[in-house]
Amino acid sequence: MDRRQFLMGLAAASVIGGAALAGCSGETKPAGDATKEAPKGEETKEAPKEEPKEGGAGGDVGVFTWWAEGSEKDGLAALEKLFSEKYPNDKFVNLAVAGGAGSNAKAKLAADLQNNNPPESFQGHAGAELMDYIDAEQIEPVNEIIDGLGGDSVFPKNLLELLTVGGDIYSVPSNVHRSNVVWANPEVLKKAELSTDAPKDLDAWMADMDKLKAAGVQTPLSVGTAAWTLVHLFESVLLSVLGTDDYNKLFTKGTSWDTDKVKTAVAKFAKLLTYANTGGADDWTPAVDMVIDGKAAYNVMGDWAVAQFNTKKKTYGTDYVAWPTPGTAGTFLFLADSFTLAKGCKNPDGAKDWLNLVGSAEGQKQFNIVKGSIPARTDVPDSDFPDYQKSAMKSFKEDKIASSIIHGAAANNAWNSEIGTAVSKFWTDKNEADLVAGLVAAADKNNK
Ligand code: GAL
């Protein structure tokens, strides 16, 4: 497939905005509506529908994710439990590899796929990242499964478009996460007599951080020092400085990143890091723990952080609060986890059982309540969900949508790894001009 066409489509889908992604009327044609014409002279015949076997196909079902440790694994455990109840003939084989955002898992997965040792199903991100697997012909279409689950009457059309190439849908989305969230500890804010309300923009936020420092809070902002966690913070800053439309345009073919706004975003990112720890937290969980333990006031992280607060028995609204990264209110910086059917896997029927579970309303309810995300399906009522997710569901329906970089919606694995290298270098040398040059070069190379 043509990656260029896909990226253009992705940007268009993002620019169209939340209304369509949220399942309201969109002008896009239904995804999965195969546009292939029947060869002339041949009759179009309905393929016989495969009926899943009651209790499951049987055999091992290897599921590869990076939800391996701590709160990160709780959502997967909820799905595994439901899977064993619904498909007792199948054996769930947990192939998870720890490391936030797939920082370790993706290399292991690439090696397994390369060596013709695919799992039955693996986790990928809707959007540009999924294209890598489609381009490399490592995954199979799942049109029938999506249709059986309710198709575009239950999954937002524009979300399905991020999974669709040439009329074929690749993967079943399990959830939608929000990237641009600040998690804050009200007790720490009190030290500087700050309210729990969101500051209006990055400058106002940093002014509050000055107050926190003056009140003796040494680390107003916690960060993980792994490349991906820094890029995670940076994408929020980029969105805040550029605004939704210009941010989304960064991912349309041929757009240069060599702009004053990108330079301003880098300068704000540099300043923000002066309020942050310089070590002591590598991945996202220790950085969120700094907020939980009162060692920092704020952390910017995706809403999988909810699972970490839950693990530590913290209550949303009292022990912690959350708001969109200052300057990004009204925009949902989006990503979605999606499960694939791996080409050449040993047990495709078992894989289909797994995908049917992941895409079912019950599976999405059980999984997302625990994971901190919201269902990809639009027909799962919010009444069973905790308050944070209720608010995220509302935002996803009403807000503009932008696509996360580091979580594969806007940029593929190669582009992300180059952005990660530039940001990591910046973490060490704090050279703003070099970071801008690295981002521009990465865009020039990959955004075409
Ligand atoms: C994201 C993934 C989330 C969560 C997070 C932290 O890439 O989509 O589900 O797992 O990484 O590891």
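Refer to the structure presented above.
Let me sum up the structure you'll find in this document.

Reading the values: the criteria
Residues numbered from 1 in each chain as written. Predicted model: local features only at pLDDT ≥ 70, side-chain atom pairs only at ≥ 80, totals over all residues. Helix = DSSP H or I, 4+ residues; strand = E, 2+ residues; numbered from the N terminus. Buried ≥ 20, exposed ≤ 12 C-beta atoms within 10 Å, placed from the backbone. Contact = placed C-beta atoms within 7 Å. Near = placed C-beta within 6 Å. Nonpolar A, V, L, I, M, F, W, Y, C, P; charged D, E, K, R; others polar. Domains from an automatic or database assignment. Pairing = 2+ DSSP bridges. Right-handed = clockwise from strand over helix to strand, strands pointing away.

### Focus on the overall build of the protein
And then number 1: When you go through the protein residue by residue, the secondary structure sums to 18 helices and 14 strands.
And then number 2: The proportion of buried residues among the 448 residues of the protein is 53%.
And then number 3: Relative to all contacts within the protein whose residues are 6 or more apart in sequence, the contacts with residues 24 or more apart total 81%.

### A few points about the site of the ligand
And then number 1: In the vicinity of the ligand there are 13 residues, among which Gly100, Ala101, Trp304, Asp337 and His407 approach most closely.
And then number 2: Looking at side-chain class alone, the shell around the ligand contains six nonpolar, five polar and two charged residues.
And then number 3: Each of domain 1 (54-177 + 336-387) and domain 2 (181-333 + 405-446) contributes no fewer than three residues to the shell around the ligand.

### A short note on the environment of Phe251
And then number 1: If you trace the backbone, Phe251 turns up in the loop between helix 10 (227-249) and helix 11 (260-273).
And then number 2: Along the backbone, Phe251 and Asn447 are 196 residues apart, and their C-alpha atoms lie at a distance of 6.6 Å.

### Notes on the pairing of strand 3 (residues 121-125)
And then number 1: Most of strand 3 is tucked away: five of the five residues are buried.
And then number 2: On strand 3, burial covers both faces: Ser121, Gln123 and His125 on one face and Phe122 and Gly124 on the other are all buried.
And then number 3: The pairing of strand 1 (residues 59-64) with strand 3 spans two bridges and is parallel. Residue pairing in the sheet places Val63 in a bridge with Ser121 of strand 3.
And then number 4: Here strand 3 runs beside strand 12 (residues 331-339); their pairing, made up of three bridges, is antiparallel. The residue of strand 12 that forms the bridge with His125 is Asp337.

### Regarding the pairing of strand 2 (residues 90-94)
Taken residue by residue, a regular strand's side chains alternate between the two faces of the sheet.
And then number 1: As defined by bridge partners, strand 1 adjoins strand 2 across five bridges and the pair is classed as parallel. The residue of strand 2 that forms the bridge with Asp60 is Lys91.
And then number 2: Handedness of the strand 1-helix 3 (residues 74-86)-strand 2 crossover: right-handed.

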